[in-house]
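Chains, contacts and geometry: an overview
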Amino acid sequence: ENYQPIGGGFMDFTTDYQLNVHAQTISPKGTYTYTVPDSTEVVRLFPEIPGYYSERDTTHFLANITRGEIIRDTFILTSFDYIRRNFELVHSTFINGTAYFDNPTKAYPELTRLAKIATRMGAELDLTGHTDGTGAESGNRQLSIDRAQSVKLFLVEKCGFDPHKITVAGYGSTRPVCDEDTEEGRRCNRRVEVVFRMPELPGSE
């Protein structure tokens, strides 16, 4: 995320459709090279750097690539620490008074990305639901829990995330982050927040 080179990991390559993986060490300068056999039709690359998440892999189909040509790729990775401090669900907000997403076409890809990130990190998730200030607070508390449950349900049923690695809670309307004077502000407060809980490493205090 700071555009500095990252070394110490591997670039994983597959050079066939069976996804047989080859690993190439990444240099301290963040560079890697790999020469594919002449018969290669496709090459897929994915960086594996301890403590970092890659937003994408990349695939090259080599039918129109000249033999000997150098293909260059650049991967921007994000540290687990940066993700823990900055990740938020932007589009996973809810229809007023319900636990239904108000924009599923944007919420579902966002939640799928969350599942991928948490899986790569080996993290467990704490989900906390929130409401806007309309309605009785007694109902808002349960509604906020239901919203966190909606996110959990999607992660488990659609993304295969382990349900035992997710906890849910709700705070009703007690923790607003946006001004309640506008509908957009109220929509902003109808949200779920995420905390990544990382596993304790052996020997850590």
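These numbers come from a predicted model, not from an experiment.

If you walk across this open sheet you meet the four strands as S2-S1-S3-S5, and the pairing is antiparallel. Each end of this open sheet is capped by a strand with a single partner; those strands are strand S2 (21-25) and strand S5 (58-61). For this sheet, the mean angle separating the axes of adjacent strands, direction not counted, is 25°. One ladder, built from five bridges, connects strand S1 (residues 10-14) with strand S3 (residues 42-48); its direction is antiparallel. Each residue of the ladder has a partner; that of Asp12, found in S3, is Phe46.

For the structure on display, the rule yields 13 salt bridges. Of the charged contacts, one joins Asp57 and Arg44 as a salt bridge, the two residues approaching to 2.3 Å between their closest N and O atoms. With Asp57 in the loop between strand S4 (52-54) and S5 and Arg44 in strand S3, this residue pair connects regions lying 13 residues apart in the sequence. Between Glu48 and Arg120 there is a salt bridge, with the nearest N and O atoms lying 3.4 Å from each other.

This part is about the confidence of the model for the protein chain. Mean pLDDT over the protein chain stands at 92; residues scoring 70 or higher make up 97%. Across residues 201-205, confidence stays below pLDDT 50; counting only partners more than four residues off in sequence or on other chains, it has zero contacts.

Parameters and conventions
Residues numbered from 1 in each chain as written. Predicted model: local features only at pLDDT ≥ 70, side-chain atom pairs only at ≥ 80, totals over all residues. Heavy atoms only, no water. Pairing = 2+ DSSP bridges. Helix = DSSP H or I, 4+ residues; strand = E, 2+ residues; numbered from the N terminus. Axes fitted to C-alpha atoms, helices over the stretch in contact; angles between N-to-C directions. Salt bridge = Lys/Arg side-chain N within 4 Å of Asp/Glu carboxyl O. pLDDT = per-residue confidence, 0-100. Contact = heavy atoms within 4.5 Å.

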